[in-house]
Amino acid sequence: MSNLPFDPLLLAIAIPLAVAVAIACGLPKRWSIRLAYVGFAAPALMALHAWFYFAGQTQVHGYAYLTNYSTGLDGIHGLGISLKLGLNGISLPLFVLAGLVGLAAGLYAIQSTAERLKIYLMLLLVMQAGLMGVFASVDVVFFYLFHELALIPTFIMIGIWGGRDRSYAAMKVTIYLTAGAMLSLIGLIALYVKSGAPSFDLITLRQIIAARPLGETVQNNIFALLMFGFGILVSLWPLHTWAPLGYGQAPSSAAMLHAGVLKKFGLYGLIQIALPLLPHGAAHWSHTLAALAAVGNVLIVGFITLAQRDLKQVIGYSSVMHMGYAFLGIACYSVLGAGGVVLLMVAHGLSVALLFLLATSIFHRTHTFELTEMGGLAQKTPVLAAFFVAATFASIGLPGFANFWGELTIFVALWQYSHCLTVIAISGVVISAVYGLRAAAKVFFGPPTEAFARVAAQHPPSDLNWREKVPALILLAALLFIGFWPKSLSTSLDATLHAVYAAPTSAGPTAGGPAVSGK
Amino acid sequence: MGSFLFDFFAIFTVICAVGTVVNKNAVNAAMCFLLCLVGVAGLFVQLDAYLLAFLLLLVYAGAVVALFLFIIMLLDVQGKSAVSFRRLSTAAAVIAAGLLAVGLCSFAIHGHLDAPNPNYASGVGAALKPYAYQLFTLYLLPVQIMGFLLLIAMLGVIVLSKKIDPAEGAK
Amino acid sequence: MDIASLQTLAANNDWLAIMPELLLGCLALALLVLEIILPAKLHSRLPAVALLGVLALLVFQLLGFTAGFAEQESFNGLLVHSREGQVMRVFFLLAALLVGVISTISLAKQKLPHTEFYHILLVVTAAMMLLVQSNHFVMLFVALETVTIGLYILVSYFRSRPLTLEAGLKYLIMGALSSSILLFGIVLLYGVAGNPELPGHTASAMNLDSLHAFLAANRHNFLASIGIVLVLSGVAFKIAAFPFQIWVPDVYQGAPTPVTAFLAVASKGAGFLVLLVLARTFSPYAWLLAPVLTLMAGATLLFGSLGALTQHNVKRLMGLSGVSHAGFLLMGVVAAGTQSMAIGAIYFYLFAYLLASFAVFGVMALVAGPDDADQEISHYAGLAKDSPFLALVLAIGLGSLAGIPPLAGFMGKLFIFIAAFKAGLYGLLAVAIVGVVISSYYYFSWIRAAFFSSGTSSDGEATARPARTPVSFTAGLVLSLLAFGTVLLGLYQGVLGQWLNTR
Amino acid sequence: MLQPAILILLLPLLSAAVIALFLRRQGGIAAIVSTLTAASIAAMALILALHGGRGEDQVDWLTLGGFTLSLGVKFDDLAALMLVIVGIVGLCVHVFSLGYMHDDGAKARYFGGLSIFMFSMIGIVLADNLFMIFIFWELVGFSSYVLINHWHEKTSASDAAKKAFITNRVGDFGFLIGIIWCYWANGTVNLTQLGEHHVFSTAIPLLLFCGAVGKSAQLPLQVWLPDAMEGPTPVSALIHAATMVAAGIYMLCRIHVLMVPDALTVIMWTGAATALYAACCAIVQSDIKKVLAYSTLSQLGYMVAAFGLGSLATEENGIKVVIAAGVGAAMFHLTTHAFFKALLFLGSGSVIHGCHHEQNIFKMGGLRTKMPLTFWTFTLGVAAIIGLPGLAGFFSKDAILYLAFANNKAVFAVLAFTAVLTALYMTRVWRITFFGAARSESAAHAHEGGLTLTLPLIVLAVLAVIGGYVGIYPKVFTGVFELIPEAHGSDHTTILITSLVVLILGAGSALLFYKPSATDALEERSPGLFRLLASKLWFDEIYQWYIDKVQQRFALLLNFLEQIFLAGFIVRGGAGLVGLFGLGARALHVGKLNVYLYWFLAGVVVLWLFATGVL
Amino acid sequence: MIHAGLNAYVLLSALLFAIGFFGVLLRKNTLVIFMCLELMLVASTLALVAFSRFNGTLDGNVFVFFILTIAAAEVAVGLAIIVALFRSRRTVQVDELNALKH
């Protein structure tokens with residue numbers, strides 16, 4: 001229960017959905033846009049409320065704002081599926097992320113000049129509702145269901161508003177993500193069936209499994225399903241090829257929401273569900289996961305990013321690469337590693353959304369994503385350049401931005417797991433600096449290329465306007481805020497992780513390292 | 001005696017059945033089918049199912065085969081009717097025949113039932129009354145359904161074989 | 001046979017128990033009578049009478065629905081009235097109603113008599129309702145043949161279209177063949193179960209309960225097992241299970257769109273109900289049933305998905321995708337062998353499938369031209385622009401068929417998967433994943449055609465497609481209810497979930 | 001203890017934030033805000049260092065899974081000294097910038113960058129643990145990037161900025177591994193706690209040293225520093241001469257407790273090699289800033305070598321005392337170097353400003369008369385760096401030479417030779433720039449800048465003169481300066497003589513050899529040697545070759561494999577295969593009834609086989 | 001009357017069924033195919049009657065009533081379809097009725 005007179009989590013889901021339905025029912029455009037502001041602002045407000053008042057909430061089973069809505073399947077004889085909403089320390093940061101990125105993407109979309117803006121906004125609102133739902137769901141089925149709810153608009157948006165290859169991209173993304181979702185669905189079902197729990201909600205699952213842990217083989221198999229299923233969704237190498245293509249073709253707001261938030265679903269699932277409930281499975285698969293992530297995601301994809309000539313491809317591949325860090329954090333199976341992953345997820349979500357937003361803004365000025373055809377944009381658009389450089393540095397893990405905390409904690413946790421992998425992972429930091437700065441330099445610095453000079457002569461580029469600046473500022477401010485005050489997220493995160501990971505520790509993972517550094 | 005009759009009717013029926021299948025001419029096939037039905041009716045008689053034998057001849061031989069013949073004549077297709085002997089279809093037919101033969105053999109070998117006493121409850125189908133009792137008590141509902149079935153079949157035949165109005169469908 | 005026992009037998013013919021079916025039959029007859037007595041200008045109102053009658057029956061059925069329906073026999077064991085039967089009555093009435101609505105659209109494009117169509121539709125529906133409640137091979141076969149013969153007529157109903165008649169002929173011959181196979185299987189079972197030399201033989205060998213008892217006493221009888229597989233083959237034709245699915249695309253394409261919908265939903269639903277009943281009856285032969293059904297499920301799933309993958313005629317696509325749905329349902333049937341919850345899952349899946357399929361078929365009927373067999377995916381180009389409503393309904397329907405949350409189809413698949421997992425059908429689940437992934441491709445291709453392509457080819461000319469029928473109020477209402485139901489059932493299973501899961 | 005230090009730390013951050021948020025278009029106000037901030041920092045630093053206490057304190061910044069990262073201040077003499085240097089040099093540079101950047105279009109960004117730099121640098125200085133050092137370490141790298149990139153429309157500036165950051169990242173790669181290793185090995189990265197007990201390991205200090213190699217531009221990561229001269233000259237003075245590059249030395253001194261002999265040897269030789277290498281390179285440069293850049297490199301090498309020479313055992317009253325002489329010597333040289341190198345850079349800035357952004361010394365000449373103040377202060381700076389007795393550089397260099405002499409004669413020889421070269425190239429640049437006739441239009445019209453340009457020169461010149469005395473007669477920062485090794489007796493004489501000889505040899509030969517002319521005398525007389533030195537041992541070329549021919553080609557290869565093999569062959573191929581099956585399944589519907597009927601036969605047969613138990 | 005054994009009847013009916021099946025597969029004339037289908041039904045009725053006789057239950061015999069009726073209805077509908085088809089396509093050969101495919 002919350003100490004608000006209403007259920008903020010339900011409202012965060014229902015308001016955007018209601019606005020979407022209203023738009024679908026044929027609201028006139030002017031009103032659609034006005035309502036869309038409400039639809040995007042409401043989840044963000046709820047998220048901010050949850051962020052700052054989380055500590056004061058009464059917690060039931062570790063969840064604040066816990067509420068339950070029946071679906072008719074939660075009776076004595078039912079399957080135990082109900083819309084159970086709540087936030088714990090793990091979901092809170094991601095709920096906040098979803099709210100903020102959703103707001104930014106929404107504001108950016110509202111001002112965009114997309115064709116058929118109403119449908120675009122409607123789809124985006126559905127996506128937003130799904131995203132809020134994913135992280136607010138305590139019930140596993142609804143957790144999955146909301147993910148798909150958010151996923152469908154992505155396909156459609158890529159298909160309608162995407163770039164040149166939109167058709168192929170939409171198809172490929174659809175098939176990949178369907179495959180991933182199906183694998184993970186089977187994994188979740190397996191978890192439910194094998195645990196013998198009467199309900200799909202995580203609280204019950206945790207209690208049941210804590211009382212009666214699953215057998216080792218069962219754990220290994222279920223974890224494999226979840227790992228590869230979620231792995232496809234999060235673009236684990238070599239199952240990642242949909243990601244750069246999809247992001248390259250997706251319209252900006254869809255890419256922001258998908259790469260920024262929705263993609264985190266898989267990681268969130270691993271941290272919230274798979275790791276605590278399947279410690280043996282995690283231990284069994286951690287080597288594979290870590291090797292794939294370190295060599296594949298970080299090194300190979302890192303190098304591939306170096307070879308990209310298209311700005312969106314660079315961002316897309318870099319996103320795949322950073323997911324490698326997240327997988328490494330998961331592979332460590334420690335509170336520190338998992339906490340690092342959550343921090344990284346939030347940070348990466350904010351920064352990659354910012355990058356996609358700015359990439360589109362750049363495109364509006366250069367009319368190309370080809371890096372070789374840009375250059376010298378900073379002379380015309382210093383503010384845009386400043387934002388982009390800030391976003392780049394955020395994404396390459398500069399301290400002061402949220403990303404740093406995620407990467408650092410993951411590295412620290414990883415050292416305990418494997419020295420060799422830590423070295424590989426940290427070498428990724430150098431690689432990401434190379435491609436990040438190279439891209440920034442190619443776009444903004446040096447003298448303008450001939451191609452860009454021609455474009456600039458026809459359409460004189462203007463600097464970032466307020467309608468682009470506000471969403472960018474929201475994201476950047478959040479990045480800096482977390483960068484400077486990581487405790488705003490880490491306190492509740494730490495508490496929840498300790499509680500959740502402490503229960504089935506018979507597999508022997510450690511909760512953390514030696515005591516304390518600074519005290 | 002009974003065994004001889006059985007053998008006779010059995011062989012007769014099988015030959016006629018084979019004739020139905022392989023006869024190039026559709027009319028001849030229909031005639032073979034008619035004879036085959038007569039053979040089956042003979043077998044029914046040996047099984048004491050006199051009513052059914054009678055019905056079989058009446059309904060099948062009298063109505064159904066007549067209908068077939070009528071249609072065959074109406075459509076005047078017997079000239080074209082022939083078994084195609086292209087290589088692929090021949091091979092397929094041979095394989096099919098082989099499979100069916102093997103199936104029959106397995107049926108004959110494994111499907112042996114311990115025959116009950118032939119005189120056990122003899123003449124269960126011989127009398128007429130039990131049929132009526134059964135049909136109008138136990139099987140009353142199916143009989144009613146049959147009524148509907150025949151009705152829709154009749155409607156169907158009417159609807160399907162009405163001459164196509166030139167105004168229809170030309171759209 | 002004495003009079004007293006005959007009286008007992010006659011007294012057991014509880015006509016009240018089959019009131020919905022009787023009323024439906026009466027309604028069908030009334031249509032014919034009305035056509036005769038009413039002046040010709042009022043004949044166009046007869047479909048409305050039929051539909052309103054069905055609707056009234058549906059309401060009556062829903063109002064009289066009690067979740068705690070006691071299982072009872074009537075007609076001396078020919079019928080068993082169970083809660084599932086009640087649910088399926090609703091299912092078939094709903095299907096008939098929706099087919100009727102779609103028919104008004106499709107028939108309007110042909111100059112053909114209407115009344116007979118509705119008459120046959122109602123009779124077939126009643127027969128289906130009896131079919132799923134039958135507990136006796138005679139009853140089962142008679143009802144089945146009534147359904148089948150009615151469908152032969154309905155499939156060939158647009159007789160002015162040569163393709164329709166071809167489809168009708170193909171359906172007729174293959175249907176008759178499968179009926180013969182089924183019948184031979186029944187005969188064998190009857191012969192074996194009544195054989196006095198065998199243990200547990202029964203006098204009423206056609207009765208499924210007695211047969212079950214007999215089979216339980218003879219678990220490895222050769223003739224019985226042959227009979228079982230022959231009966232299964234016959235039912236497999238109805239549900240379009242591999243390898244008896246080959247007729248599906250041709251017949252679906254040629255048949256009038258409403259009849260295709262009827263075949264796809266009601267006929268298949270009836271087939272599955274019969275299969276469930278038979279699977280329960282044959283359960284002592286699980287050694288045979290389980291592997292056969294498992295392989296059948298997997299092969300059906302894969303074949304349907306693969307066949308639909310490159311299909312561009314939407315009716316054939318619906319047919320083949322229906323085959324893959326049959327695979328999912330078969331998975332449920334296999335699981336039902338050990339998990340009782342699977343039965344609820346099958347029912348739920350059928351309802352979800354009904355809602356989604358009729359949404360899609362409704363849109364198809366509106367998009368199709370007078371030539372019903374010619375319905376290409378490319379005809380849907382630009383649908384979203386011209387008629388966003390139809391496009392939305394189509395997307396919801398296809399999404400539900402593809403199993404996308406939060407639509408009803410997803411919950412159906414989820415239940416089936418849970419049941420299958422509980423039953424340990426891991427291999428089938430793997431196949432199912434492949435099937436879902438492949439199916440997402442072709443469903444999405446269709447949605448893509450409706451949403452993403454503008455309807456003009458690269459050189460700017462509009463591609464040739466039949467004119468679309470404007471959406472009437474009734475059609476619009478029904479389609480939006482279907483779409484709404486699909487969404488609602490995905491999010492809130494409520495009463496239906498309780499009906500189906502209370503076991 | 002914490003509050004004033006935190007205030008000093010946060011003040012520039014506040015200034016940067018104010019500039020970034022509100023003063024983007026008001027460059028003038030931004031400059032004043034930033035300069036005032038620098039002034040208050042300098043004032044507070046002096047007060048805190050000279051009158052304040054010493055101590056440490058921290059708060060938790062991040063706690064996760066038993067890992068705590070704290071935000072803390074360790075304010076000892078070392079930090080106080082460094083803070084004062086940063087404060088004073090920073091203030092000078094700010095003031096100088098007011099004049100130097102007066103007409104720049106992006107003044108706000110420039111001063112904002114300076115403020116961020118001050119924030120980051122002070123953060124390093126005050127940090128009480130290695131993670132915190134690392135955080136600010138990265139941040140100074142960022143501010144350095146921003147400031148080098150100031151004139152971003154020049155490709156060279158943008159490339160140099162990128163190069164600087166990436167090269168630093170390479171160093172930080174090792175640094176971070178070292179920190180993490182240190183954390184897990186010792187359970188703490190708090191500097192004080194590390195001093196109390198720590199695990200002896202060669203790898204950890206060497207990995208940590210990687211950070212210093214990057215930041216202080218030691219071999220082989222020295223390549224970024226000369227390029228960094230693309231930034232505005234005051235930036236070069238502040239960041240790339242006086243403070244940021246010295247952070248590497250400072251960090252080494254912070255962690256000297258972790259050092260083991262083997263690590264020290266590596267560090268020593270790295271420093272010595274860098275010193276020699278850079279000095280050689282400096283001889284042939286024609287860009288005044290490049291000369292100073294290589295000189296900086298060379299001096300940094302000196303400091304690193306000094307640190308590496310490490311501990312010194314002396315006998316006092318018969319008791320052998322081991323002191324961390326390396327720390328003292330390195331920090332002493334760091335202090336003096338900060339003053340005179342900042343002076344030299346600002347002097348060169350003044351020259352460049354006067355010559356309208358002409359940087360080639362062969363196009364200058366005759367500035368002695370046109371810019372007298374600059375000339376005299378520059379002269380003092382040169383005198384300090386070449387070690388003219390009595391000036392700051394003399395003392396600090398002697399201390400290092402003495403340490404080398406006492407510990408390792410080979411290094412001593414290298415360093416002494418480096419000192420000769422230092423005298424040589426500094427005299428060369430001094431003579432060519434200021435003497436003779438003006439050799440270009442811009443030099444002919446050179447003029448002295450305003451007060452903002454000259455005042456910092458004077459201040460720094462004074463410091464360059466007197467700076468050495470704080471080291472030899474320590475009254476303040478005794479914790480550092482008392483560690484400086486003092487030569488006694490014959491040793492003292494040897495060192496004294498050595499440095500005089502070195503000075504005379506270097507400066508004399510330069511005076512003899514180089515005349516103020518438009519061409520390089522060495523290039524004319526000995527082109528082979530000139531080319532060898534000008535090649536800088538092909539470091540840049542090798543790196544460029546690696547990037548172009550190895551790294552980029554490898555990346556392209558992987559990309560090719562990904563596109564062709566993974567996305568193409570496997571994914572598209574797999575999809576195509578499924579599609580083929582789909583076509584096959586579709587082709588089975590041949591439309592002929594007979595064929596379909598065979599399916600029924602097949603189905604019945606298969607089921608029959610199941611029933612008979614064959615399958 | 002001395003009867004041949006049950007097995008003989010059953011085998012005979014199976015043989016007739018197989019012949020009918022084979023005819024369905026072999027023939028191209030829809031009318032003949034249809035006749036063969038009827039043959040299969042008749043084969044079933046033969047077995048049914050035999051079982052009914054030997055098992056001593058009347059159900060089988062009564063069932064034959066229904067089967068005969070159904071068969072008649074089926075034939076009527078089927079022939080109507082064939083006639084209608086012949087009208088539009090002028091053929092009853094299944095080879096030529098393959099407009100619906102792929």
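Because the structure is predicted, anything quoted here is derived from the model rather than measured. (Residues numbered from 1 in each chain as written. Chains lettered and ligands numbered in written order. Predicted model: local features only at pLDDT ≥ 70, side-chain atom pairs only at ≥ 80, totals over all residues. Heavy atoms only, no water.)

Participant: In this structure, what is going on with the overall build of chain C? I would like to understand it.
Facilitator: The secondary structure content of chain C amounts to 20 helices and two strands. Principal axes of the C-alpha set define a box for chain C whose edges measure 80 × 60 × 45 Å. Expressed as a percentage of its 503 residues, the buried residues of chain C come to 72%. Of the roughly 13200 Å² of accessible surface on chain C, a fraction of 67% belongs to carbon and sulfur atoms. (Helix = DSSP H or I, 4+ residues; strand = E, 2+ residues; numbered from the N terminus. Buried < 20%, exposed > 50% of the residue type's maximum accessible area, 1.4 Å probe, protein only. Areas by Shrake-Rupley, 256 points an atom, 1.4 Å probe, with all protein chains shown as cover.)

Participant: Looking at this structure, I do not really get the arrangement of the chains. What am I missing?
Facilitator: The assembly contains eight pairs of chains in contact; the pair sharing the most contacts is chains B and E. You won't find any contact between chain A and chain B; their C-alpha atoms come no closer than 36 Å. Between chain A and chain E there is no contact; the minimum C-alpha to C-alpha separation amounts to 24 Å. (Contact = heavy atoms within 4.5 Å.)

Participant: Can you help me understand the interface of chain B and chain E in this one?
Facilitator: One frequent convention defines the size of an interface as the accessible area lost when the parts assemble. Listed by partner, the interface residues are 81 residues for chain B and 71 residues for chain E. If you sort the residues of chain B by the area they bury against chain E, B:Val21, B:Leu47 and B:Phe68 come out on top, with a joint share of 10%. Counting the contacts that link chain B with chain E gives one salt bridge. The partner of B:Asp48 in a salt bridge is E:Arg53, and the shortest N-O contact between them spans 2.9 Å. The interface formed by chain B and chain E holds seven residue pairs in polar contact (both at pLDDT 80 or more) in total. Mapped onto the side of chain B that touches chain E, the elements with two or more residues apiece are α1 (2-22), α2 (26-46), α3 (50-75), α4 (87-110), α5 (129-136) and α6 (140-161) of chain B. Broken down by element, the side of chain B that touches chain E gets its largest block of residues, twelve residues, from α3(B). (Buried area = accessible area lost by both parts, 1.4 Å probe. Salt bridge = Lys/Arg side-chain N within 4 Å of Asp/Glu carboxyl O. Polar contact = N/O pair within 3.5 Å; in protein donor to acceptor, adjacent residues only side chain to side chain.)

Participant: I keep staring at the sheet that holds strand β1 (residues 59-60) of chain A and nothing clicks. Help me out?
Facilitator: Residue and element names in this part refer to chain A. Strand order in the open sheet formed by three strands is β1-β2-β3, with antiparallel pairing between adjacent strands. The sheet is open, and its two borders are formed by β1 and β3 (81-87), each paired with just one other strand. Sheet analysis places strand β2 (residues 63-73) next to β3, joined by six bridges and oriented antiparallel. For Ala64, the partnering residue across the bridge sits in β3 and is Leu87. Seen against the sheet, helix α1 (residues 8-24) touches β2 and β3 and runs at an angle of roughly 110° to β3. (Pairing = 2+ DSSP bridges. Axes fitted to C-alpha atoms, helices over the stretch in contact; angles between N-to-C directions.)

Participant: What is the right way to read the packing of aromatic side chains from this model?
Facilitator: Note on aromatic pairs: each is described by the distance of the centres and the angle between the planes. All names here are of chain D. Following the criterion strictly, the structure yields 89 aromatic pairs over all chains and no others. Centre to centre, the rings of Phe67 and Phe131 are 5.5 Å apart; their planes meet at 90°, and the pair counts as edge-to-face. Pair noted here: Phe67 is in strand β2 (residues 67-75) and Phe131 is in helix α5 (residues 130-148), with a separation of 64 residues, a long-range link. Assessed through its relative accessible area of 1%, Phe131 is described here as buried. (Phe/Tyr/Trp six-rings, centres within 6.5 Å; stacked < 30°, edge-to-face > 60°.)

Participant: Whenever I open this one, the pairing of β2(A) confuses me. Can you help?
Facilitator: Two faces make up the sheet, and in a regular strand the side chains alternate between them. Residues and elements named next belong to chain A. In terms of burial, β2 is a largely internal element, eight of the eleven residues being buried. Bridge count for β1 against β2 is two bridges, and the pairing is antiparallel. If you follow Gln59 over to β2, its bridge partner there is Ala64. Hairpin connection of β1 to β2: two residues between the antiparallel strands, including His61 at a positive phi of 50°.

Participant: Would you explain a nonpolar patch on the surface in this entry?
Facilitator: Residue and element names in this part refer to chain D. Taken together, the side chains of Leu451, Leu455, Ile458, Val459, Val462, Ile466, Tyr469 and Tyr473 make up a nonpolar region of the molecular surface, amounting to roughly 730 Å² of accessible area. Mapping Val459 onto the fold places it in helix α20 (residues 451-472). Of the residues examined, Val459 reaches a relative accessible area of 35% and is grouped as partly exposed. (Patch = residues over 30% accessible without salt bridge, like charges linked within 9 Å, V, L, I, M, F, W, Y side chains within 5 Å.)

Participant: Please explain the side chain of C:Thr115 as it appears in this structure.
Facilitator: All names here are of chain C. Its place among the elements puts Thr115 in helix α5 (residues 115-133). With a relative accessible area of 4%, Thr115 lands in the buried category. A polar contact is formed between the side chain of Thr115 and the side chain of Glu35, at a distance of 3.1 Å. Thr115 has contacts with Leu31, Glu35 and Leu46, leaving out every residue within four places of it along the chain.

Participant: So what exactly am I meant to see when it comes to the interface of chain C and chain E here?
Facilitator: Across the boundary between the two partners, chain C contributes 42 residues, which contact 43 residues of chain E. When chain C packs against chain E, the two sides together hide about 3600 Å² of surface, and 78% of this comes from carbon and sulfur. For the pair chain C and chain E, the interface holds one salt bridge. Here E:Arg89 ties to C:Glu166 by a salt bridge, and the two come within 2.9 Å at their closest N and O atoms. For the pair chain C and chain E, the interface holds seven residue pairs in polar contact (both at pLDDT 80 or more). For the side of chain C that touches chain E, the element with the highest residue contribution is helix α7 (residues 162-193) of chain C, accounting for 21 residues. Its residues placed into classes, the side of chain C that touches chain E shows 27 nonpolar, ten polar and five charged. (Nonpolar A, V, L, I, M, F, W, Y, C, P; charged D, E, K, R; others polar.)

Participant: For this particular structure, what's the right way to read empty space enclosed by the protein?
Facilitator: Summed over the entire model, instances satisfying the criterion amount to eleven cavities of 30 Å³ or more. Estimated volume of the largest cavity: approximately 120 Å³. Considering the residues around the largest cavity, the lining is formed by 14 residues, among which A:Gly397, A:Val429, D:Phe134, D:Arg169 and D:Leu176 are closest to the centre. Across the lining of the largest cavity, the residue classes tally to nine nonpolar, one polar and four charged. Within this model, the second largest cavity holds a volume of roughly 90 Å³. Lining the second largest cavity, in full, are A:Leu311, A:Val314, A:Ile315, A:Ser318, A:Leu355, A:Phe388, A:Thr392, A:Ser395, A:Tyr435, A:Gly436 and A:Ala439. For the lining of the second largest cavity, the secondary structure elements donating two or more residues are α13 (311-332), α16 (382-395) and α18 (419-444) of chain A. In terms of residue count, α13(A) provides more of the lining of the second largest cavity than any other element does, four residues in total. (1 Å grid on protein atoms, 1.4 Å probe; cavity = no way out; pocket = protein on both sides within 12 Å on 5 of 7 lines; lining within 4 Å. Points joined across faces, edges and corners; volume = space filled by probe spheres on them.)

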